[in-house]
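Okay, here's what each chain looks like letter by letter:
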Amino acid sequence: MKNTFYQWRQTLSILALLLLASSVNAVTPRYDYPFDDPHTATVVGTPKDWQTTFAHPAPLTAEQLPRLSQLPLPEVFWYQDTLHYSTAWQEGEAPLIFVIAGTGSGHDGGTMRTLANTWFDAGYHVVLLSSPTYANFIATASSSGVPGRLHQDAIDLYQVMEQITERHDQRKNGKRQISNFSVSGYSLGGAHAAYIGQLDNQRQRFNFARVLLINPPVSLYNSVVRLDNLLQNNLDFKDPTEVDRFVTNAFDRVAKAYVEDDSLAMDDDILYTLYRKLGPDQASLDTLIGTAFRLSSSNMLFTADVMTSHGFLKPAQLELQAHDPLTDYLKAAMRISFIEYFDQFFLPFFRQRTGPISREAMIDELSLYPLTHYLRTDKRVEVVTNADDLILDQTELDWLKATFGDRATIFPNGGHCGNMAHPAFTHTLQQSLLQLTQTQTQQVQPQQPSARSDTP
Amino acid sequence: MKALTSISLVHLSMTHLPKNLSKSLLATMALLLSGCAGSAINLFSPTDTVTEKVDHTADYPIDIYDPWEGYNRRMYIYNAKFDRYVFIPIVEGYEAVMPDIAEQGVSNFFSNLGEVSNVINSALQLKPTSTLTGLGRFGLNSTVGLLGLWDPATKLGLLEKEEDFGQTLGYWGAGAGPFLILPIAGPSSLRDASGTLADFAIDNQINLLKDYSGLTFSTVSAINSRHEVKFRYLQGSTPFEYEALRYLYLKKRELDVLK
């Protein structure tokens, strides 16, 4: 009898433990992101089996605003007559979060959809905005036509955000009220969010409840040079024969995997599937990251060059027509490194436009450093990033920790934006907004102790 | 299928496009898109024209045989405008009116008719497994699947093997030939456009629907095809969309032929 009672008690305590464990689990998901190599993480992202599943994905709608730019629209960009963005609205009153995409990315990319799901699930209205470096944004909303000066980009984005809000107020007929505003962005969009937060402290239109930076650069110049080096260390884009060999080889390997495997489907998990089949070495991964970046920078600099008639790729006087072949411009743009673009287009353009500025001063300006005081003192600003983010070095990571203190959450691995769909990351992003009314404490305690940074 | 309207060409051509450009294998290859010029060329003099900045003796991965580029680019713009002002509004109306399950039924129905072409072309490419798979799918889906409205074959693990006459020509050694933008239907090549015509001629001969198909049939077929393709023209992501799509289309077809 005593024995039975003992067993009973034991069973009960096991049950209680299990219950406790599962409730703990519900609050802070275990951080088990699978890739320790940041290059792999950056390319492959979060494989399906490790992704957060959302019961109700954000019902995103594509929307358009009339063009805001005062610059004339060139014939070759005839289709850039509206600014594209996406929204997902809750049924009743809710807080709203603006999300800004990373370098060269649009409002409707995969990472943006992940972030939309994350915050829609937390009860937010969500507005997704393209990066100011995205071709559509440059052609429709950039006041100078050349993106990258963060404070100016912030002014352009702010104007877009005001217009979207105004339009919503006119349309909503008393429904879908906005209770308060927050702003976030990943990668370059994180730096933009910081500048927008500071701008709003002056203009007071939104009074953001939260400004959330995800995997931001600290120094834009350093980060971009790092990404560019991933490419330049492996593949010389000034040598077309070498590039041709690389691309042909890569295609052949992908083709072989595709032909051999009947089940290889072009679904959302294709990158992970290919990664497992092909087992690419680090040089290939780096070339891929660098090429992707080079491709988006080509889009950006050709668009900026045409919008400003600066004469960088296209002769200043030449007016391209809608049906003119552009292949040679793509070829020419792809060989331009970031440093070449910076020294031979960006810097001269702004010197001409806004007056003399030294190279060093411009590099300093393109960073979070001018915002140090704001980021250190304004408790509404938070940062979430990874210790092995490819766009940061140790000094910059330490600077983030020192500046944000307990408002920095740093995951041990995940590369650049690789772990954004992991439940622990999702949880951190949601809690950052949901705990707005509570005292500022560290929100996430991933179960592995190493998952937390030591805050100074 | 007596009515061979140009609009129903959409079905065969559009389905060659990746269904989700953003996250497909093709996006992976898009990352490898372009090569560049010889380093001796001075890139940055404002008086240069771009042709002087490119090494015309070198092979670039992005170079595609496109002798009809002038016509193609104009047709591309025409298609983009047709899409924007006519096609997409119709498709959106269709999506608003139809319950999802009915959309899926329509999609399955046309996919089942396409099984005829899969079977014939698999046979022509001496692929017994694909031929039998196609026959099995057609038999099962036409009966248990209520004339193709449902797709029990896929649920049983009999996955569709898409084969068309363009792939058959490729299998027997025909290259893609010049890149070609078809009216409304979009990206193709001389080989694939000929293949599309051949597939239509074969369908016409077999006359599976016993002359019940007319203009309505072709229209619904076209709307369904466009509904299945998520791609939207000129959303402003890149000024080089024509180059990107031309490259991706032909690479995708290379893979289709290999498979």
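None of the values given here were measured: they were computed from a predicted structure.

So, the overall build of chain A
Alright, step 1. If you tally the helices and strands in chain A, you get 16 helices and eight strands.
Alright, step 2. Considering only contacts in chain A between residues 6 or more positions apart, those separated by 24 or more positions represent 77%.

Description of helix α9 (residues 190-206) of chain B
All names here are of chain B.
Alright, step 1. Here α9 spans 25 Å end to end across 17 residues, near enough to the 24 Å set by a 1.5 Å rise per residue.
Alright, step 2. Restricting attention to buried positions, one finds in α9 the residues R191, D192, A193, G195, T196 and D199.
Alright, step 3. After α9 finishes, the residue N207 shows a positive phi value of roughly 55°.

Regarding the confidence of the model for chain B
Residue and element names in this part refer to chain B.
Alright, step 1. Looking at chain B, pLDDT values average 81 and 78% of them are 70 or higher.
Alright, step 2. In the model of chain B, helix α1 (residues 9-14) stands out as the element of lowest mean pLDDT, 40, in contrast to strand β1 (residues 179-182), which has the highest, 97.
Alright, step 3. Of the regions scoring below 50 in pLDDT, residues 1-44 engages in 146 contacts with residues more than four places distant in sequence or in other chains.
Alright, step 4. Scored by ipTM, the complex comes to 0.85, with pTM at 0.87.

Some remarks on helix α5 (residues 150-171) of chain A
Alright, step 1. Helix length check: α5 of chain A (22 residues) gives 31 Å between terminal C-alpha atoms against 32 Å at 1.5 Å per residue, within 8%.
Alright, step 2. Buried residues of α5 of chain A: L150, D153, A154, D156, L157, Y158, V160 and M161 of chain A, and no others.

Observations regarding the packing of helix α5 (residues 115-124) of chain B against helix α6 (residues 128-143) of chain B
All names here are of chain B.
Alright, step 1. Contact geometry for α5 and α6: axes closest at 8 Å, N-to-C directions at 160°. The angle between the axes of α5 and α6 places the two elements in the roughly antiparallel class. Considering how the two elements wind past one another, α5 and α6 form a crossing that is left-handed. Between α5 and α6, the residues in contact are E115, N118, V119, S122 and A123 and S130, T131, G134, L135, R137 and F138, respectively.
Alright, step 2. Residues belonging to the contact of α5 with α6 are distributed by class as follows: four nonpolar, five polar and two charged.

Details of unusual backbone geometry
Residues and elements named next belong to chain B.
Alright, step 1. Positive phi is not limited to glycine here, since L146 has a value of about 50°.
Alright, step 2. Relative to the assigned elements, L146 resides in the loop between α6 and α7 (152-155).
Alright, step 3. L146 sits in the partly exposed class, given 13 other C-beta atoms within 10 Å.
Alright, step 4. One non-glycine residue, L147, lies in the positive phi region at around 60°.
Alright, step 5. Secondary-structure assignment places L147 in the loop between α6 and α7.

A short note on the nonpolar core
Residues and elements named next belong to chain A.
Alright, step 1. Core analysis: the biggest nonpolar cluster contains 139 residues, and I97, V99, A116, V126, L129, A194 and A333 have the highest contact counts within it.
Alright, step 2. A per-element tally of this core places helix α10 (residues 282-308) first, with twelve residues.
Alright, step 3. In terms of domain composition, this core takes at least three residues from each of domain 1 (38-219 + 367-451) and domain 2 (226-361).
Alright, step 4. When sequence neighbours within four positions are dropped, the list of residues in contact with V99 reads M112, L115, A116, V126, L128, L129, S184 and G185.

Overview of the pairing of strand β3 (residues 94-100) of chain A
Residues and elements named next belong to chain A.
Alright, step 1. With respect to burial, β3 is a largely interior element, six of its seven residues being buried.
Alright, step 2. As paired strands, β3 and strand β5 (residues 178-186) are joined by six bridges and run parallel to one another. Counterpart to F98 in the pairing with β5 is V183.
Alright, step 3. Relative to strand β4 (residues 125-129), β3 runs parallel, the two sharing five bridges. Residue pairing across strands places V99 opposite L128, the latter belonging to β4.
Alright, step 4. Each parallel crossover has a hand, and the one from β3 via helix α3 (residues 110-121) to β4 is right-handed.

As for the pairing of strand β8 (residues 408-411) of chain A
Residue and element names in this part refer to chain A.
Alright, step 1. Neither face of β8 is open: one carries A408 and I410, the other T409 and F411, and all of them are buried.
Alright, step 2. Note: strand β7 (residues 381-386) against β8, four bridges, orientation parallel. Note on β8: the bridge partner recorded for V384 is T409.
Alright, step 3. In this fold, β7 hands off to helix α15 (residues 394-404), which returns the chain to β8; that crossover is right-handed.

Overview of the sheet that holds β7 of chain A
Residues and elements named next belong to chain A.
Alright, step 1. The strand order β1-β2-β4-β3-β5-β6-β7-β8 describes an open sheet built from eight strands, whose pairing is mixed. Two strands bound the open sheet, and with one partner strand each, they are β1 (61-66) and β8. Here the strands of the sheet are splayed against their neighbours by 20° on average, with no regard to which way each runs.

So, the domain arrangement of chain A
Residues and elements named next belong to chain A.
Alright, step 1. You can read the domains of chain A as domain 1 (38-219 + 367-451) and domain 2 (226-361).
Alright, step 2. With centres defined by C-alpha atoms, the gap from domain 1 to domain 2 works out at 24 Å.
Alright, step 3. Contact residues are listed per partner, giving 28 residues for domain 1 and 30 residues for domain 2.
Alright, step 4. Where the side of domain 1 that touches domain 2 is concerned, the elements lending two or more residues are α2 (38-44) and α4 (135-141).
Alright, step 5. A class-by-class count of the residues in the side of domain 1 that touches domain 2 yields 15 nonpolar, ten polar and three charged.

Remarks on the environment of Q198 of chain A
Residues and elements named next belong to chain A.
Alright, step 1. With respect to the helices and strands, the residue Q198 is situated in helix α6 (residues 188-203).
Alright, step 2. Taking the C-beta count within 10 Å as the criterion, Q198 has 20 such neighbours and is therefore assigned buried.
Alright, step 3. Measuring from C-alpha to C-alpha, the distance between Q198 and T133 comes to 20 Å, with 65 residues separating the pair along the chain.
Alright, step 4. Not counting residues within four places of it along the chain, the set of residues in contact with Q198 comprises L371 and Y374.

A closer look at the confidence of the model for chain A
Residues and elements named next belong to chain A.
Alright, step 1. On average, chain A scores 88 in pLDDT, and the residues at 70 or more come to 88%.
Alright, step 2. Of the regions scoring below 50 in pLDDT, residues 1-5 engages in zero contacts with residues more than four places distant in sequence or in other chains.
Alright, step 3. Counting interchain partners and residues more than four positions distant, the pLDDT-below-50 stretch residues 437-456 has 42 contacts.

As for the environment of Q70 of chain A
All names here are of chain A.
Alright, step 1. With respect to the helices and strands, the residue Q70 is situated in the loop between β1 and β2 (82-88).
Alright, step 2. When the 7 C-beta atoms within 10 Å are taken as the criterion, Q70 is described as exposed.
Alright, step 3. For the pair Q70 and H416, spaced 346 residues apart in sequence, the C-alpha separation works out to 35 Å.

A word on the environment of S187 of chain A
Residues and elements named next belong to chain A.
Alright, step 1. Inspection of the secondary structure assignment puts S187 in the loop between β5 and α6.
Alright, step 2. On the basis of neighbour counts, which here come to 25 C-beta atoms within 10 Å, the residue S187 falls in the buried class.
Alright, step 3. Along the sequence, S187 and H416 sit 229 residues apart, while their C-alpha atoms lie 7.9 Å from each other.
Alright, step 4. Setting aside residues no more than four positions away along its own chain, S187 makes contact with G102, T103, N215, P216, H416 and C417.

Let's talk about the packing of α10 of chain A against helix α11 (residues 327-334) of chain A
Residue and element names in this part refer to chain A.
Alright, step 1. Orientation of α10 relative to α11, taken along the N-to-C sense of each, is 120°, at an axis distance of 9 Å. Comparing their axes, α11 and α10 come out oblique. Relative to α11, the crossing made by α10 is right-handed. Listed contacts from α11 to R294, S298, L301 and F302 of α10 are Y329, L330, A333 and M334.
Alright, step 2. Split into classes, the residues belonging to the contact of α10 with α11 amount to six nonpolar, one polar and one charged.

Cut-offs applied
Residues numbered from 1 in each chain as written. Chains lettered and ligands numbered in written order. Predicted model: local features only at pLDDT ≥ 70, side-chain atom pairs only at ≥ 80, totals over all residues. Helix = DSSP H or I, 4+ residues; strand = E, 2+ residues; numbered from the N terminus. Contact = placed C-beta atoms within 7 Å. Expected span 1.5 Å × (residues − 1). Buried ≥ 20, exposed ≤ 12 C-beta atoms within 10 Å, placed from the backbone. pLDDT = per-residue confidence, 0-100. Axes fitted to C-alpha atoms, helices over the stretch in contact; angles between N-to-C directions. Parallel < 35°, antiparallel > 145°, perpendicular 65-115°, else oblique. Left-handed = near helix turned anticlockwise from the far one by under 90°. Nonpolar A, V, L, I, M, F, W, Y, C, P; charged D, E, K, R; others polar. Core = buried A, V, L, I, M, F, W, Y, C linked by C-beta atoms within 7 Å. Domains from an automatic or database assignment. Pairing = 2+ DSSP bridges. Right-handed = clockwise from strand over helix to strand, strands pointing away.

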